[in-house]
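An overview of the molecular structure
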Amino acid sequence: MLIMIIGVGFLFALPNLYGEDPALQISGLRGAELELADLDRIKGELDTNSIKYQSAAIVNNQVEVRFYDTEAQLTSKKALNHSFGEDYVIALNLSPATPTWLSDLNANPMKLGLDLRGGVHFLMEVDMSAPLKKFVEETVSGFRMDLREAKIRYRRVSEVKNGAQVEFKSEEDLDNAARILKKKYADITFKDSTDEGFILVGTLGELKIKEIKENALQKNITIIRNRVNAIGVAEPVVMRQGAERIVVELPGVQDTALAKSILGATATLEFRLVDQENDVRSAANGRVPAGSELFYRQDSGQPVLVKRRVMLTGDHIINASSSFDEYGSPQVNIDLDSKGGSIFSNATKGAIGKPMATLFIEYKPTGKRDHDGNPVFKKNIEVINVATIQARLGRSFRTTGLGSPQEAQNLALLLKAGALIAPIQIVEERTVGPSLGQENIDLGMQAIMWGFVLVLFFMAIWYKGFGLVANLALALNLVLIVGVMSMIPGATLTLPGMAGIVLTVGMAVDANVLIFERIREELRDGKGPQQAIHQGYDSAFSTIADANITTFIAAVILFAIGAGPIKGFAVTLAIGIATSMFTAIVGTRAVINLVYGGRRVKNLSI
Amino acid sequence: MFAIRFKETIEFMSYRKIAMIFSGLLIITSLVSLGVNKLNFGLDFTGGTLIEVGFEQSADLKAIRTVLDSNNYSDAVVQHFGSSSEVLIRLAPRDGVKAVDISNDVLNVLDSAGQGKADIRRVEFVGPSVGEELTEQGGLAMLTALICILIYVAFRFEWRFALGSVSALAHDVILTLGLFSVLNIEFDLTVLAAILAVIGYSLNDTIVVSDRIRENFRRLRKGGPEEIINISLTQTLSRTMITSVTTILVLLALFFKGGALIHGFATALLFGVFVGTYSSVYVASTIALTLGVSKDDLIPTVIEKEGADQDAIV
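Presented here is an overview of the structure given in this document. Just so we're clear, the structure is a prediction, and the values are computed from it rather than from any experiment.

Reading the values: the criteria
Residues numbered from 1 in each chain as written. Chains lettered and ligands numbered in written order. Predicted model: local features only at pLDDT ≥ 70, side-chain atom pairs only at ≥ 80, totals over all residues. Heavy atoms only, no water. Helix = DSSP H or I, 4+ residues; strand = E, 2+ residues; numbered from the N terminus. Buried < 20%, exposed > 50% of the residue type's maximum accessible area, 1.4 Å probe, protein only. Areas by Shrake-Rupley, 256 points an atom, 1.4 Å probe, with all protein chains shown as cover. Axes fitted to C-alpha atoms, helices over the stretch in contact; angles between N-to-C directions. Parallel < 35°, antiparallel > 145°, perpendicular 65-115°, else oblique. Contact = heavy atoms within 4.5 Å. Nonpolar A, V, L, I, M, F, W, Y, C, P; charged D, E, K, R; others polar. Pairing = 2+ DSSP bridges. Buried area = accessible area lost by both parts, 1.4 Å probe. Salt bridge = Lys/Arg side-chain N within 4 Å of Asp/Glu carboxyl O. 1 Å grid on protein atoms, 1.4 Å probe; cavity = no way out; pocket = protein on both sides within 12 Å on 5 of 7 lines; lining within 4 Å. Points joined across faces, edges and corners; volume = space filled by probe spheres on them.

1. Thoughts on the overall build of chain B
Secondary structure assignment for chain B yields 11 helices and 6 strands. The proportion of buried residues among the 314 residues of chain B is 55%. As displayed, chain B offers around 13500 Å² of accessible surface, 62% of which is attributable to carbon and sulfur atoms.

The following block contains the structure:
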């Protein structure tokens, strides 16, 4: 069993020796799968630019080109971007040069943390007040519609905290309304009061609020993932952290400004009818009618009065592209999902011939925080276009009247990448340049080597023969740590992680020191060598276990509450404890039995 | 031949009053310094922006400061980091400015400092709320670790030992924090990790000693608690020393070879291992002894426990 574990450990540690090749990872736009024709096209382009490459192949529906040096990698990225930038997403990458027989076994090298390979780490916080507010607004207009349909008269519907309230003229209306609304809105709790007028208040339940937040976070994650893919990064990480935060890791990205602007932009469209019944000028002077809102044109600054009711929101948009209309002016073509299509089709049915405003809504972080510590965003709404609804609009339509082709392109990109459901703010950023990453690897390796050699030396002098056995166990321990780290998918090696390995090297011999000191004691007490070995291992065991379990507890706690790089330290420490117990107890025992077992021994080399 | 042999039992416990006074003084110094100097919390906890840039030749800090000054970054702390061509710039969190843009802006400003092109080595931005949370979490981590360990040790040993070993841990943590406060070394996340590792290490030591004390209480028929503790400490002394030596060896390697980024980490651990070794001899045992640990506390429960232990070993 010992041999098997060591064998597996070696096997999985092996890929780490092969290093990495500079590579390009080329994928299709919007996750399109690349085919042999694409591969040939790319190969052809590389050949015409006479760039030497190691190999080019299709891996996981993407084309991967390996180079001999980073120079070739960079020049070819430029060349390919120039020729195919419109068709493909091209990302720089370092591909592990693991031989195929090893990667077939799923043996891959350790993942390196951003502090070792360079890149950007963002922690983004989602502003949850926006989706809640949106839901409340929808509820308000929903109440209005349902009451109108049921022909129940009400004085007014207004927003309250996490809900809506309706005022009625009579108790009878209140009761009727309560009955109808309760039936329809199961996740809203209703409370009526007749103290001051007849008021029905509906508030969202905790569960519903949680669900809204959860949805918003999930959607934002999907959207950010799309945007990250659009930037062109190999092996990006986008994952949630807690209830309101998203971690984004972009290895190898240096232009953080670009990454930030793409990731952080929050834009959405809303389509609403223009209010023609009321006068725009009097509204601009401050008398905005109840069912309408006043906004200004993005281009000319002219006021536009639009209805409050939203016909369609941007989250139903599944694709958007820019092109030119028949008069040569820029336009954006928009495709909706099926739900959006039917909503829009219903909403435009009765509005043919009426003008519709396209509102561009942007959330810009102000950098300020409210008293609860939540980031404050400024909601900026502008009218980008007013167009007459020519026909009943379905799943596919276009909007015109944009200022420039560039503007159309930007808008299309933002819409395509998806509108963030809730505005987002970067609350933490860590960027590590590639030079520092490599330096960190070198420093970490040096520290491990020096620590390792010093301990080897010390143990060999102090315990002689047994010391050599302990050294063997220590070397094995290193191999096992690397092997286990490579095996666990979620484990990444960071600089503190390397420090953890160094520390483990120093502490791993402790188990052997305990055992060997025991053996010496037993020998001093006059026991025979075989018995001393036996007793030494046995009586040291519970001490070793106790001591290691407590350190393990510390490592687990560190992992549970630590952030990023600290987790790396906790992981190597925990793995190191487990492997060192194995090698120091089982490993050395096996070797010592092999050397001294089954024969009469007079002296132990200890 | 190199083994440390102690024929005589060393009378550790007869020095315990001196040790207690010594520890007490150190703790008071640490607490006073923590109260007055406070900890020099790093970016991870305070929030703010940190930018490390590399220049091709050694950088003139004065020129950089002047340029930053004239661009509204008069609060910037500029210093060399690691070598003279690398520069570290720290900025406190600011209100009203889109914090994320600061790093880009500063890099543009640096390019105009006449020092050649600045190569980004590292940018860290931590929002103030994230920093606050980390401080809370960090403190919580430390407390949770101490409590979990207290429970484990109380379960495995006896409450007096548990209290002794946790006091030893608290002693080590306070002294290490004190060192960072007195020397005004930056306290960042890696240092927090190091302190938790110190807890693990120090405990390791304490447990080995306590294990031996328990064993000797059961095995040796004669001798008072003080004598038995002395015997146990003497018996484990060589192990304590050797493990400390190997750990200190690797930490020295880390300190000198690991680079500037983990200096704080290595410093905390080096000091912690030192103090941890001392505290497992003096603080843990002394407290167990002062609390009146005696044979009677261990022996009655031993009879069942012995069996359980044997099972575990085999």
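2. Section: the packing of helix H8 (residues 225-257) of chain B against helix H9 (residues 263-281) of chain B
Residues and elements named next belong to chain B. Two numbers describe how H8 lies on H9: the axes approach to 10 Å, and their chain directions differ by 175°. Our classification of the angle between H8 and H9 gives roughly antiparallel. Counted together, Leu233, Thr240, Ser244, Thr247, Ile248, Leu251, Leu252, Leu254 and Phe255 of H8 and His263, Phe265, Ala266, Thr267, Leu269, Leu270, Val273, Phe274, Thr277, Ser280 and Val281 of H9 form the full contact between these two elements. Its residues assigned to classes, the contact of H8 with H9 comprises 13 nonpolar, 7 polar and no charged.

3. Comments concerning the sheet that holds strand S2 (residues 48-54) of chain B
Ordered by their spatial adjacency, 8 strands build an open sheet running S11(A)-S12(A)-S6(A)-S22(A)-S5(B)-S2(B)-S4(B)-S3(B), and the pairing between neighbours is antiparallel. The two strands at the open ends of the sheet, each matched to only one other strand, are strand S11 (237-241) of chain A together with strand S3 (77-81) of chain B. Going from strand to strand, the sheet's axes swing by 20° on average, the running direction of each strand aside. Here strand S6 (residues 119-126) of chain A runs beside strand S12 (residues 245-251) of chain A; their pairing, made up of 7 bridges, is antiparallel. Each bridged residue has a counterpart across the sheet, and for Gly119 of chain A the counterpart in S12 of chain A is Pro251 of chain A.

4. Quick word on the interface of chain A and chain B
Quoted interface sizes are often the accessible area lost when the parts come together. Opposite the 70 residues of chain A that make contact, chain B presents 73 residues. For the pair chain A and chain B, the summed buried area comes to about 6300 Å², and 64% of that belongs to carbon and sulfur atoms. Taken together, the connections running from chain A to chain B amount to 7 salt bridges. Salt-bridge contacts for Arg245 of chain A lead to Glu133 of chain B; the nearest nitrogen and oxygen are separated by 2.8 Å. Among the elements of the structure, S6, helix H9 (256-264), strand S19 (355-369), strand S22 (424-432), helix H13 (434-487), helix H14 (495-524), helix H15 (529-561) and helix H16 (564-596) of chain A are those that each provide at least two residues to the side of chain A that touches chain B. The residue makeup of the side of chain A that touches chain B, split by class, is 38 nonpolar, 14 polar and 18 charged. Strand direction decides the pairing type here: S22 of chain A and strand S5 (residues 119-126) of chain B, joined by 5 bridges, are antiparallel. Across the sheet, the residue bridging to Glu429 of chain A is Phe125 of chain B, located in S5 of chain B.

5. Some remarks on the sheet that holds strand S2 (residues 55-59) of chain A
Residue and element names in this part refer to chain A. Here we have 4 strands laid out as an open sheet, ordered S2-S3-S1-S4, and antiparallel in their pairing. Unpaired on one side and paired on the other, S2 and strand S4 (88-96) mark the two borders of the sheet. Sheet twist, expressed as the average angle between the axes of neighbouring strands with direction ignored, equals 25°. The pairing of strand S1 (residues 20-28) with S4 spans 9 bridges and is classified as antiparallel. Along S4, the bridge assignment pairs Asp21 with Ser95. Here helix H2 (residues 36-48) sits on the sheet in contact with S1, S2, strand S3 (62-66) and S4, set at roughly 160° to S2.

6. Looking at the packing of helix H5 (residues 128-156) of chain B against helix H7 (residues 189-219) of chain B
Residue and element names in this part refer to chain B. Packing of H5 against H7 leaves a shortest axis separation of 11 Å and a crossing angle of 10°. In terms of their interaxial angle, H5 and H7 are classed as roughly parallel. Judged by residue contacts, Leu134, Gly138, Ala141, Met142, Ala145, Leu146, Ile149, Val153 and Arg156 of H5 engage Leu189, Leu192, Ile195, Leu196, Ile199, Leu203, Ile207 and Arg214 from H7. Classifying every residue of the contact of H5 with H7 by side-chain character gives 14 nonpolar, 1 polar and 2 charged.

7. Considering empty space enclosed by the protein
Residues and elements named next belong to chain A. Taken as a whole and assessed by the stated rule, the structure comprises 5 cavities of 30 Å³ or more. Along its surface, the largest cavity is lined by 14 residues, and Met507, Ala508, Asn548, Ile577 and Ser580 are the ones closest to its centre. Breaking the lining of the largest cavity down by element, the ones donating at least two residues are H14, H15 and H16. Looking at the lining of the largest cavity element by element, the count peaks at 6 residues for H14.

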